[in-house]
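Okay, here's what each chain looks like letter by letter:
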Amino acid sequence: MKEKVRYTFIDLLRGWAIILMIEVHVFNAFLLPELKQASWFDILTFVNGLVAPAFLFVSGFAFQVSSGSKLDDMRRLKFPFWKKLWRYFSIIIIGYALHLPFYSLSKVLNKSTTEQLQAFFAVDVLQCIGAGLLVLFALRLIIHSDKIYHYTLIALTMFVIVVSPFFWKIEFTNYFYHVFANYFNRTNGSLFPIFPWINFIFVGAIFAKYFLDAVAKNKNKKFIQATIFTGIIMLFSGHFFYSGLFPDSLTSILPNPVFFIERLGYVLVSATLCWYYANWRKTKQSFVLDASRESLLIYWLHLITIYGVFWAGKSFASLIGPTLNLLESISATIILITIMVLIAKIWGWTKMKYPNYAGKVAWGVVGVLFIIFLIS
């Protein structure tokens, strides 16, 4: 039962994050510009900004929980190694595919503008997750000692915190091709470069290690209590730092270490609240869990729905534009969330009921889309 609760609270955190992400993109695409000037929208923007850190944190947690499985086979480069490697690279590939300026290789090569190519090569949250998981994967294979591996993650977290403000001042395209340079900072349009965002993945893995140790000692409740207390201190410290009492020379640093600490505090508090909820309700089934288990599908599908160019060369985002009032935007969000959860539930049921056929269908759809991309 404890093992189930352990996974459930992380699933709930990821589920709520993907649901909130739908709201983020609906409001960004369709809400009237004048409404975005209201004070309440600033609060909403801050809350929306916690979605990506939560996703990154959950990715690190999930990696840590599963990292001990078939580790010897992966170190010998057997099939589990290649399966994991493909999984992480596929996350990166999906991230780039979502930024394709055209669903045609010929058009991408011949009609893409400089701005479109810059947007294509920009690093978004999926590329950051994929790159972060590859780093964790490499470290886990290379470092045989669990203790040294754990301390290495802590050291890397400190390193990223220290160097990130300096890295954001460097034009890495002077040293690397754009596709690689964009992983270091946002100079060329990246939304989630690995500096500093990879730290949420590292901390997710570190948190999982301590949490699992607490579970093994039957002290998980004390650990959660300590975590929520720590998270509250972190988030209030962040708000105090940005309260205006400190000079702009400190608070304007991008990315500021306190920026990371403040948002990590919110993620830790959210994770612990999910833990308490899962233990209270003994959650086994919910629409949030349905969304969580198919989060990658929902992430891809809702973005394609909003921004996919399917209607005479236009997307819903360009056809409708920022024309909806608050009530209409809320309604659109609820409708899209409902559709996404239903699709996730149907697909999850299909995979459980017909696991062999579901995999073949998924690969078939990917294959057809890839062929269309090549020949159109």
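The structure presented is a predicted model; accordingly, all values stated were derived computationally and were not measured.

Here the focus is the overall build of the chain. Scanning the chain for helices and strands turns up 19 helices and 0 strands. Along the first, second and third principal axes, the C-alpha set of the chain runs to 60 × 60 × 50 Å. Nonlocal contacts in the chain, meaning residues at least 24 apart in sequence, comprise 77% of its contacts between residues at least 6 apart. Total accessible area on the chain stands at roughly 20300 Å², and carbon and sulfur atoms take up 69% of it. Across the chain, the 33 positively charged side chains and the 17 negatively charged ones have centroids separated by 12 Å.

As a further point, take the packing of helix 8 (residues 125-142) against helix 9 (residues 146-167). Between two packed helices, what matters for the description is the angle formed by their axes and the separation of those axes. Two elements in contact, helix 8 and helix 9, have axes separated by 9 Å at closest approach and are oriented at 145°. The two elements helix 8 and helix 9 meet at a crossing, and its hand is right-handed. Between helix 8 and helix 9, the residues in contact are Leu 136, Leu 139 and Arg 140 and Asp 146, Tyr 149, Thr 152, Leu 153 and Leu 156, respectively. Its residues placed into classes, the contact of helix 8 with helix 9 shows 5 nonpolar, 1 polar and 2 charged.

The next thing to look at is a nonpolar patch on the surface. Taken together, the side chains of Tyr 103, Val 309, Phe 310, Trp 311, Phe 316, Leu 319 and Ile 320 make up a nonpolar region of the molecular surface, amounting to roughly 630 Å² of accessible area. Of note, Leu 319 is situated in helix 17 (residues 316-320).

The subject of this paragraph is helix 5 (residues 79-97). The end-to-end C-alpha distance of helix 5 is 26 Å, a good match for the 27 Å that 19 residues give at a rise of 1.5 Å each. Taken residue by residue, helix 5 has Pro 80, Phe 81, Lys 84, Leu 85, Tyr 88, Ser 90, Ile 91, Ile 92, Gly 95 and Tyr 96 as its buried positions. For helix 5, the elements touching its buried residues are helix 3 (51-66), helix 4 (71-75), helix 7 (114-121), helix 8 and helix 10 (178-181).

Counted under the stated rule, the structure contains 35 aromatic pairs. Aromatic side chains Phe 172 and Phe 184 sit 4.3 Å apart centroid to centroid with 15° between the ring planes, which places their arrangement in the stacked category. Placement of the pair is Phe 172 in the loop between helix 9 and helix 10 and Phe 184 in the loop between helix 10 and helix 11 (194-216), with a sequence separation of 12 residues. Among the residues examined, Phe 172 registers a relative accessible area of 8% and is labelled buried. One aromatic cluster is present, formed by Phe 9, Phe 57, Phe 61, Phe 207, Phe 211 and Phe 223 through successive ring pairs. Between Arg 140 and the ring centre of Tyr 149, over which it is positioned, the NZ or CZ distance is 4.8 Å.

What follows covers the pattern of salt bridges. If the charged atoms of two oppositely charged side chains come close together, the side chains can form a pair. In the structure shown here, the tally under the stated rule is 7 salt bridges. As a salt-bridge pair, Arg 140 and Asp 146 come within 2.9 Å of each other at their nearest N and O atoms. According to the relative accessible area criterion, Arg 140 is buried, its value standing at 7%. Relative accessible area serves as the criterion here: at 49%, Asp 146 is assigned to the partly exposed category.

Conventions adopted
- Each chain has its residues counted from 1, following the order in which its sequence is written.
- Two thresholds apply to this predicted model, a pLDDT of at least 70 for residue-level local features and 80 or more for giving and counting side-chain atom pairs, whereas whole-chain, interface and lining totals are computed over all residues.
- Note that the side-chain values use all heavy atoms of the structure and ignore hydrogens as well as water.
- Here a helix means four or more residues in a row that DSSP labels H or I, a strand means two or more in a row labelled E, and each is numbered from the N terminus.
- Should any heavy atoms of two residues lie within 4.5 Å, those residues are counted as being in contact.
- Only the protein chains shown count as cover for residues, and the accessible areas themselves come from Shrake-Rupley with a 1.4 Å probe.
- None of His or the chain ends enter the tally, which takes Lys and Arg as positive and Asp and Glu as negative.
- A single reference atom marks each charge: NZ on Lys, CZ on Arg, CG on Asp, CD on Glu.
- Each axis is a line fitted through C-alpha atoms, and for a helix only the stretch in contact is used; angles between axes span 0 to 180 degrees, taken between their N-to-C directions.
- Should the near helix be turned counterclockwise from the far one by less than a right angle, the crossing is left-handed, whereas a clockwise turn marks it as right-handed.
- Polar here means any residue other than Ala, Val, Leu, Ile, Met, Phe, Trp, Tyr, Cys and Pro, which are nonpolar, and Asp, Glu, Lys and Arg, which are charged; Gly is therefore polar.
- A patch consists of residues exposed above 30% relative accessible area that lack any salt bridge, with like charges linked at up to 9 Å and nonpolar side chains (Val, Leu, Ile, Met, Phe, Trp, Tyr) linked at up to 5 Å.
- For this analysis, a salt bridge means a side-chain nitrogen from Lys or Arg found within 4 Å of a carboxyl oxygen belonging to Asp or Glu.
- By this rule the span expected of a helix is its residue count minus one, scaled by 1.5 Å.
- Exposure is judged per residue with a 1.4 Å probe applied to protein chains only, and the accessible area is read against the type maximum: over 50% gives exposed, under 20% gives buried, and values in between give partly exposed.
- Pairing of aromatic side chains requires ring centres within 6.5 Å, counting the rings of Phe and Tyr and the six-membered ring of Trp. Pairs whose planes differ by under 30 degrees are stacked, by over 60 edge-to-face, and all others tilted.
- Whether a charge sits over a ring depends on NZ of Lys or CZ of Arg being within 6 Å of the ring centre and within 35 degrees of the ring normal.

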